[in-house]
Structures are given as C-alpha cells and as structure tokens.
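Geometric and topological summary
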Amino acid sequence: MTRILTLWGKTDELSNETHPLLYHMLDAGYVSSALWNDALPAQLKRDMAGSLGLAVEPTGRLIAFWSSLHDLGKAGPAFQIKHLPSQTILVREGFPFPQKAFFTPKPHGLVTSWALANENLLPGLDAEQSEMVGRVLGGHHGLWPDGDTFEDVGRTANLGGPIWQEARKELVEILSSVFAPPDEFQFPTEDQDRNIF
C-alpha cells in the first residue's frame, strides 16, 4: 500500500505538493456516489439499474466504482513522468521510466482505456465489455479512443512493465473493496442503453 501512495494524481502548481492518485480516485468515486444518491432523479436511476439487471442501490455502487477508475491510466510512466520530484521517489520504489528521447507519452485517459481493455481488471466482464467500459472512462476529457488508437505502437511504453500493471491491479482491488460493486449484472444489450447510435 505504501508504494501505491507514491503515485500522484494531482499537483498544486503553487506549492508543488501532490495529492495521491488513490485519494483522487476515491474522491471521484465518492462524488459519483453522492450524485447518484442525492442528485439524479429516481426514474433515471431505475432506468439505469434496469438496463444492468440490478436494483438501484447496487447500481449506484457499480457506477461509483467505475467512476473511481477514470484516472487509472495515471498509474503509468506517461503521466507519472510529468512531476520530477515524484518521479525520483517512484524510481527509488522500483518503478521504471522509459528514456524520454524514445518515448511519446499518451494522454492518461487513453492509458486508462488500454489498461481496462487488456489487463483483465474488471471482474464479471469479458474482453469486449471491458473495452467498452475502458473507452467510456478513458474519454473523460473528451478524447474518445477508437479502433486505430487501440493499435497504437506506443501502448507498451505508456502502460509500463509488470510493476506498473501490479500497481493498477492493486488500485482496482482497493477501490473495489471500498465501493463494493456487485459481482453479477447484465451488460446492456440494447444500443440505446449502451449509448450506441
């Protein structure tokens, strides 16, 4: 757990202090949960729950969990390389970074998509479903990954090696234990429910 807390999620430009990535991901999940519980109309929640074959309460937990994963791609060298003081600490913790001269960092949302689509991190979802969730979450800054993007040759360097993958897995496990998403649900099959037009 200590090593996970060396990954940063946000920085304060004035003080150069960082907010740990895990805490930022928890923040996002809790905000999503608050919106679900206190802001969304009851009928919308029932409709969303029905499309997943769930009751309203477990649907809220699932959405909070998925929301918390939006910045999972920040647990990779492409993002962590941006803050030199943190990079120094991460190298001491065993996280390798590619040489800048041979590295083209990709947006962290894209790395989120790649990781969720390819690292078997979402229990209960097959590869296609994991890719769909990854694309939705990876597009949270408005850059929606497409098929060509998923074939990008820079993927390996941006995802990092095994220690980075272990860190992402640990983050997902921690967030899953906090938000307790349901183990079983039906993935929407209707294009409208899947937001495909």
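Residues numbered from 1 in each chain as written. Predicted model: local features only at pLDDT ≥ 70, side-chain atom pairs only at ≥ 80, totals over all residues. Heavy atoms only, no water.

**Some details on the packing of aromatic side chains**
The condition is simple: Pairing of aromatic side chains requires ring centres within 6.5 Å, counting the rings of Phe and Tyr and the six-membered ring of Trp. Pairs whose planes differ by under 30 degrees are stacked, by over 60 edge-to-face, and all others tilted. Helix and strand assignments follow DSSP, with helices taken as H or I runs no shorter than four residues and strands as E runs no shorter than two, numbered in order from the N terminus. Relative accessible area decides the class of each residue, using a 1.4 Å probe on protein chains only: under 20% of the type maximum gives buried, over 50% gives exposed, and in between gives partly exposed.
Throughout the structure, instances matching the rule amount to five aromatic pairs. Relative to Trp164, the ring of Phe95 lies with its centre 4.6 Å away and its plane at 50°, an arrangement referred to as tilted. Here the residue Phe95 occupies a position in the loop between helix H5 (84–92) and helix H6 (108–118), and Trp164 occupies one in helix H10 (residues 162–179), the gap between them amounting to 69 residues. Of the two residues examined, Phe95 and Trp164, each falls in the buried class. Site record: aromatic cluster; members linked through ring pairs are Phe95, Phe97 and Trp164.

**A short note on the pairing of strand E1 (residues 8–11)**
Note the cut-off: Any two strands with at least two DSSP-identified bridges between them are counted as paired.
In this sheet, strand E2 (residues 18–20) lies alongside E1 in antiparallel orientation, the contact comprising three bridges. Opposite Trp8, over in E2, you have Pro20 as the bridge partner. Counting the residues between successive antiparallel strands, the hairpin from E1 to E2 contains six residues, one of them, Asn16, with a positive phi of roughly 65°.

**Overview of the nonpolar core**
Under the convention used in this document: Note on terminology: a nonpolar core comprises buried Ala, Val, Leu, Ile, Met, Phe, Trp, Tyr and Cys residues joined through side-chain atoms within 4.5 Å. In this description, contact between two residues means that some pair of their heavy atoms is separated by no more than 4.5 Å.
Membership of the largest hydrophobic core comes to 43 residues, with the highest contact counts inside it found for Leu7, Trp66, Leu69 and Leu171. Mapped by element, the contributors of at least two residues to this core are helix H1 (21–38), helix H3 (56–68), H6, helix H7 (127–138) and H10. It is H10 that provides the largest number of residues to this core, a total of eight residues. Apart from residues lying up to four places away in sequence, Leu69 is in contact with Met25, Thr112, Leu116, Leu122, Leu137, Val172 and Leu175.

**A closer look at the side chain of His108**
Residue position: His108 is located in helix H6. The class for His108 is buried, based on a relative accessible area of 13%.

**Structural notes on the pattern of salt bridges**
A side chain of one charge can pair with a side chain of the opposite charge when the charged atoms of the two come close. Stated precisely, the cut-off is as follows: Between Lys or Arg on one side and Asp or Glu on the other, a salt bridge is scored when a side-chain nitrogen of the former is within 4 Å of a carboxyl oxygen of the latter.
Tallying each qualifying case throughout the model produces six salt bridges. A salt bridge links Glu166 to Arg3, with the shortest nitrogen-to-oxygen separation between them at 3.9 Å. In this pair, Glu166 is assigned in helix H10 and Arg3 in the segment before E1, connecting sequence segments 163 residues apart. Across the pair Glu131 and Arg135 runs a salt bridge, and its minimum N-O distance is 2.4 Å. With a gap of four residues between them, Glu131 and Arg135 both fall in helix H7, about one helical turn apart. For Glu131, a relative accessible area of 27% translates into the label partly exposed.

**What to know about the packing of H1 against H3**
Convention followed: Fitted lines through C-alpha atoms give the axes, limited to the stretch in contact for helices. The angle between two N-to-C directions lies from 0 to 180 degrees. Orientation categories follow fixed angle ranges, with anything under 35 degrees roughly parallel, anything over 145 roughly antiparallel, 65 to 115 roughly perpendicular, and all other angles oblique. Here is the rule for handedness: rotate from the far helix to the near one, and if that takes an anticlockwise turn smaller than a right angle the crossing is left-handed, while a clockwise turn gives right-handed. Polar here means any residue other than Ala, Val, Leu, Ile, Met, Phe, Trp, Tyr, Cys and Pro, which are nonpolar, and Asp, Glu, Lys and Arg, which are charged; Gly is therefore polar.
Interaxial distance between H1 and H3 falls to 7 Å at its minimum, and their mutual angle equals 150°. Taken together, the axis directions place H1 and H3 in an arrangement best described as roughly antiparallel. The hand of the H1/H3 crossing is right-handed. Facing Met25, Ala28, Gly29, Ser32, Ser33 and Trp36 of H1, the residues of H3 in contact are Val56, Thr59, Gly60, Ile63, Ala64, Ser67 and Ser68. Here the contact of H1 with H3 is composed, by residue class, of six nonpolar, seven polar and no charged.

**Quick notes on unusual backbone geometry**
Phi is positive for Asn120, close to 55°, though the residue is something other than glycine. You can call Asn120 exposed: its relative accessible area is 69%.

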